[in-house]
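# Residue-level structure breakdown
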Amino acid sequence: QQIRAANHELRQQTRQQKTDFSVETLHMKNRLNRYKAINEQLQQKLEADKARLVEALEEKSMMIQQHGALEDEIKSVRAQVAFQRDQNERDKQRMVTLQESLDTLR
């Protein structure tokens, strides 16, 4: 009789432990699934961020190239302006010389 009661008690404990284990397992699976979902969202955000970074780097590279081209164009225009200024100065001096020669001839 006593052995049966002890056996029955052990079976009850085992059933309760199985139930507790099942509940804990389900809880852990749910937690794992939530973490997997969060991880997937973070992975997608990371990929999007990487793509935006690549685009930004490409745009930066293009802007640096454009900047270099504009710098070269500015140098060229400055050289042209300097040349024109020098030429205008020579022409002005030539006109003064011609005017002086004309005045001398009169």
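Residues numbered from 1 in each chain as written. Predicted model: local features only at pLDDT ≥ 70, side-chain atom pairs only at ≥ 80, totals over all residues. Heavy atoms only, no water.

### Some details on the overall build of the protein
The helix and strand tally for the protein stands at one helix and zero strands. Computed over C-alpha atoms, the radius of gyration of the protein comes to 45 Å, more than 25% over the 13 Å expected from 2.2 N^0.38 for 106 residues, which places it beyond the range of a compact globule. Its C-alpha atoms give the protein principal-axis dimensions of about 155 × 15 × 10 Å. Surface summary for the protein: the accessible area is close to 10,300 Å², and the carbon and sulfur share equals 56%. (Helix = DSSP H or I, 4+ residues; strand = E, 2+ residues; numbered from the N terminus. Rg over C-alpha atoms; globule rule 2.2 N^0.38 Å. Areas by Shrake-Rupley, 256 points an atom, 1.4 Å probe, with all protein chains shown as cover.)

### A short note on the pattern of salt bridges
Using the criterion set out here, one finds three salt bridges in the structure. Note that Arg 52 and Asp 49 form a salt bridge whose closest N and O atoms lie 2.3 Å from each other. With Arg 52 and Asp 49 both in helix α1 (residues 2-105), this residue pair falls three residues apart, about one helical turn. Taken together, the salt bridges that share partners define one network made up of Lys 45, Asp 49 and Arg 52. (Salt bridge = Lys/Arg side-chain N within 4 Å of Asp/Glu carboxyl O.)

### Description of the environment of His 8
As for its placement among the helices and strands, His 8 is situated in helix α1. Residue His 8 is classed as partly exposed on the basis of its relative accessible area of 49%. (Buried < 20%, exposed > 50% of the residue type's maximum accessible area, 1.4 Å probe, protein only.)

### What to know about a nonpolar patch on the surface
A cluster of nonpolar side chains, Tyr 35, Ile 38 and Leu 42, forms an exposed patch at the surface whose accessible area comes to about 320 Å². Within the secondary structure, Tyr 35 is located in helix α1. (Patch = residues over 30% accessible without salt bridge, like charges linked within 9 Å, V, L, I, M, F, W, Y side chains within 5 Å.)

### Quick look at the environment of Glu 59
As for its placement among the helices and strands, Glu 59 is situated in helix α1. Residues Glu 59 and Thr 97, spaced 38 residues apart in sequence, show a C-alpha to C-alpha distance of 56 Å.

So, to be careful, I would describe these as geometric facts and stop short of saying anything about function.
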